[in-house]
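Chains, contacts and geometry: an overview
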Amino acid sequence: MALLVFGPPETRRAYISVMRLVATALGTRPFAGDEAELVTMFAALEGCAGCHGFDEPLDFSDLLGPNEPWVDSEAAIAEILKGLTTESDRLEAVHAGLLVSLFADDPDPEATAAAIEYWKQNKPLLLWVHLDDVDHAGQQIGRRMGVERGADIGDAYAVMAITPGIGQR
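A few points on the structure. Sequence order sets the numbering: in each chain, residues are counted from 1 along the sequence as written. Reporting in this predicted model follows two pLDDT cut-offs: at least 70 for local features of residues, and 80 or more for side-chain atom pairs to be given and counted; totals over whole chains, interfaces and linings ignore these cut-offs and use all residues. Computation of side-chain values covers all heavy atoms of the structure but excludes hydrogens and water.

1. Quick notes on the environment of I80
Keep this limit in mind: For helices the rule is a DSSP run of H or I covering at least 4 residues; for strands it is a run of E covering at least 2, with both sets numbered from the N terminus onward. It only takes one pair of heavy atoms within 4.5 Å for two residues to be counted as in contact.
Within the fold, I80 resides in helix α5 (residues 73–83). Along the backbone, I80 and A93 are 13 residues apart, and their C-alpha atoms lie at a distance of 9.0 Å. Not counting residues within four places of it along the chain, the set of residues in contact with I80 comprises A14, S17, V18 and L21.

2. Considerations on unusual backbone geometry
In this structure, A25 takes a positive phi of about 50° despite not being glycine. As for its placement among the helices and strands, A25 is situated in the loop between α1 (9–23) and α2 (33–47).

3. Structural notes on the packing of aromatic side chains
This is how it is decided: Paired rings are identified among Phe, Tyr and Trp, the last through its six-membered ring, by centres lying within 6.5 Å, and are further divided according to the angle between planes into stacked (under 30 degrees), edge-to-face (over 60) and tilted (the rest). Working rule: Lys NZ or Arg CZ, within 6 Å of ring centre, within 35 degrees of ring normal, means a charge sits over the ring.
Scanning the entire structure with this criterion turns up zero aromatic pairs. Directly above the aromatic system of F31 lies the positively charged group of R20, at a separation of 4.3 Å from the ring centroid.

4. Some thoughts on the environment of A49
Among the structural elements, A49 can be located in helix α3 (residues 49–52). Residue contacts for A49: discarding those within four places in its chain leaves F54, D55, E56 and P57.

Right, here's the structure in full:
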């Protein structure tokens, strides 16, 4: 993850764009709160002239305001991909997005519902599920599926069980 603060300006812009896209759930919620503050902090770090030897700071202000900088998520992704020219850049973009998603303090039922709907409709070939507290979630599932904090992962297991091709090897 150390590469996140290196690279040319267009790559750094792509990282901040990915973070904003995750923070706003592809533009479906406001750019506000803790996630927005995290993105803003990384934008300052990425664009710091004195820190990285730039003649002047990089300007990410269009990515940090309340208005969506893109007309839709497809336009955002197209712009992001222009700045990710290497495999390493793409990996760091994933890390940038994960920083925002893993920063959340509370479960996100809206994101869980959106992920489940995506799984049902698209039947992805590759799936990654992050358990923030594996031991706790595993015990909840083992004892009584879908109760308390285990509800999010219980919902995910239920979808995998009923969706052909998901959760099967």
